[in-house]
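Spelled out from the first residue to the last, the chains are:
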Amino acid sequence: MGAGNVGVFSPVGGEYYIDNDDPYVYRALDDPDDIRLMRDVPYHELECFEFDQFGTELEIEDAVRLFQDDMTRRFPSFQKTDGWLSDGPYSRSRSRRAILENGLFWIATEDNQWSLAFELIPKEESWDRPWMENLQARHFQRYLDGIKESLFEQFEYVSYRASAWTSGTLRREYEAV
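Small disclaimer: the values here were computed from a predicted structure and weren't measured.

What counts and what doesn't
- Residues numbered from 1 in each chain as written.
- Predicted model: local features only at pLDDT ≥ 70, side-chain atom pairs only at ≥ 80, totals over all residues.
- Heavy atoms only, no water.
- Pairing = 2+ DSSP bridges.
- Helix = DSSP H or I, 4+ residues; strand = E, 2+ residues; numbered from the N terminus.
- Axes fitted to C-alpha atoms, helices over the stretch in contact; angles between N-to-C directions.
- Contact = heavy atoms within 4.5 Å.
- Buried < 20%, exposed > 50% of the residue type's maximum accessible area, 1.4 Å probe, protein only.
- Salt bridge = Lys/Arg side-chain N within 4 Å of Asp/Glu carboxyl O.
- Polar contact = N/O pair within 3.5 Å; in protein donor to acceptor, adjacent residues only side chain to side chain.
- Parallel < 35°, antiparallel > 145°, perpendicular 65-115°, else oblique.
- Left-handed = near helix turned anticlockwise from the far one by under 90°.
- Nonpolar A, V, L, I, M, F, W, Y, C, P; charged D, E, K, R; others polar.

Draft legend 1. Here's a closer look at the sheet that holds strand S4 (residues 49-51). Ordered by their spatial adjacency, three strands build an open sheet running S3-S2-S4, and the pairing between neighbours is antiparallel. One side of each edge strand has no neighbouring strand; the edge strands of this open sheet are strand S3 (35-37) and S4. Going from strand to strand, the sheet's axes swing by 35° on average, the running direction of each strand aside. Sheet topology places strand S2 (residues 25-28) next to S3; three bridges connect them, and they run antiparallel. Residue pairing in the sheet places Tyr-26 in a bridge with Arg-36 of S3. Packing against the sheet, helix H1 (residues 53-74) makes contact with S2, S3 and S4, and its axis sits at approximately 145° to S2.

What follows is the structure, encoded as structure tokens:
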């Protein structure tokens, strides 16, 4: 995986990643109307393009909005939200942006330096709700599969965590017409 190496370290959580090649936008230096995604800029032409921060932010926001719409259609228990999650009660890190939530989970995005992670994060169980862990275990795989399928609605490739320092890549399957 990349230097960021973000992930959800819970038996009832997980994540998928979209490579920065997909949402990162570049603009040609000699033609401001020539705008391309990073995936579409050949390596030998990279010096003729510059990173477009504003275009990239718009591309990411569109991807998140479409993802939210698809996930709330698939799973009506999820509601759109917008806030920052910390890594724990004593952490000052605010790198996870919560975009969806239901009574059991958060779905958040996080910059992984080489990719954008879409994470399924279990909500913490309070002492007065011991049943929550069982429900999370029952539903997390279905929600994780839903994240993958929602990302495949927009992107041809989705990556997953394979081990502590590696990832794998899945390619969307096309239906025969």
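Draft legend 2. Structural view of unusual backbone geometry. A positive phi angle is found at Gln-113, which is not glycine, with a value near 70°. Considering the arrangement of structural elements, one finds Gln-113 in the loop between strand S7 (105-111) and strand S8 (115-122). On the basis of relative accessibility, which here comes to 54%, the residue Gln-113 falls in the exposed class.

Draft legend 3. Representation of the pattern of salt bridges. Counted by the stated rule, this structure contains 16 salt bridges. Here Arg-74 ties to Glu-153 by a salt bridge, and the two come within 3.6 Å at their closest N and O atoms. Of this pair, Arg-74 sits in helix H1 while Glu-153 sits in the loop between helix H2 (131-152) and strand S9 (157-163), placing them 79 residues apart in sequence. Look at Glu-153 and you get exposed, because its relative accessible area is 53%. For Glu-156, the salt bridge identified is with Arg-171, shortest N-O distance 2.5 Å. In this pair, Glu-156 is assigned in the loop between H2 and S9 and Arg-171 in strand S10 (residues 166-171), connecting sequence segments 15 residues apart.

Draft legend 4. Just the side chain of Asn-102, in detail. Tracing the backbone through its elements, the reader meets Asn-102 in the loop between strand S6 (96-101) and S7. Look at Asn-102 and you get buried, because its relative accessible area is 7%. Of note is the side chain of Asn-102, whose polar atom sits 3.2 Å from the side chain of Ser-77. Separated by 2.8 Å, the side chain of Asn-102 and the backbone nitrogen of Phe-105 make a polar contact.

Draft legend 5. Region of interest: the packing of H1 against H2. Here H1 crosses H2 at 135°, and the two axes come no closer than 10 Å. Judged by the angle between their axes, H1 and H2 are oblique. Where H1 crosses over H2, the two elements pack in a sense that is right-handed. Note on element contacts: H2 touches H1 through Tyr-143, Gly-146, Ile-147, Glu-149, Ser-150 and Leu-151, opposite Phe-67, Asp-70, Met-71 and Arg-74. Here the contact of H1 with H2 is built from residues that sort into five nonpolar, two polar and three charged.

Draft legend 6. Focus on the environment of Phe-118. Mapping Phe-118 onto the fold places it in strand S8. Judged by relative accessible area, Phe-118 falls into the buried class, the value being 0%. For the pair formed by Phe-118 and Lys-148, sequence separation is 30 residues and the distance between their alpha carbons is 9.0 Å. Setting aside residues up to four positions removed in sequence, Phe-118 forms contacts with Gly-14, Glu-15, Tyr-16, Ile-18, Val-64, Phe-67, Ile-99, Ala-108, Thr-109, Ile-147 and Leu-151.

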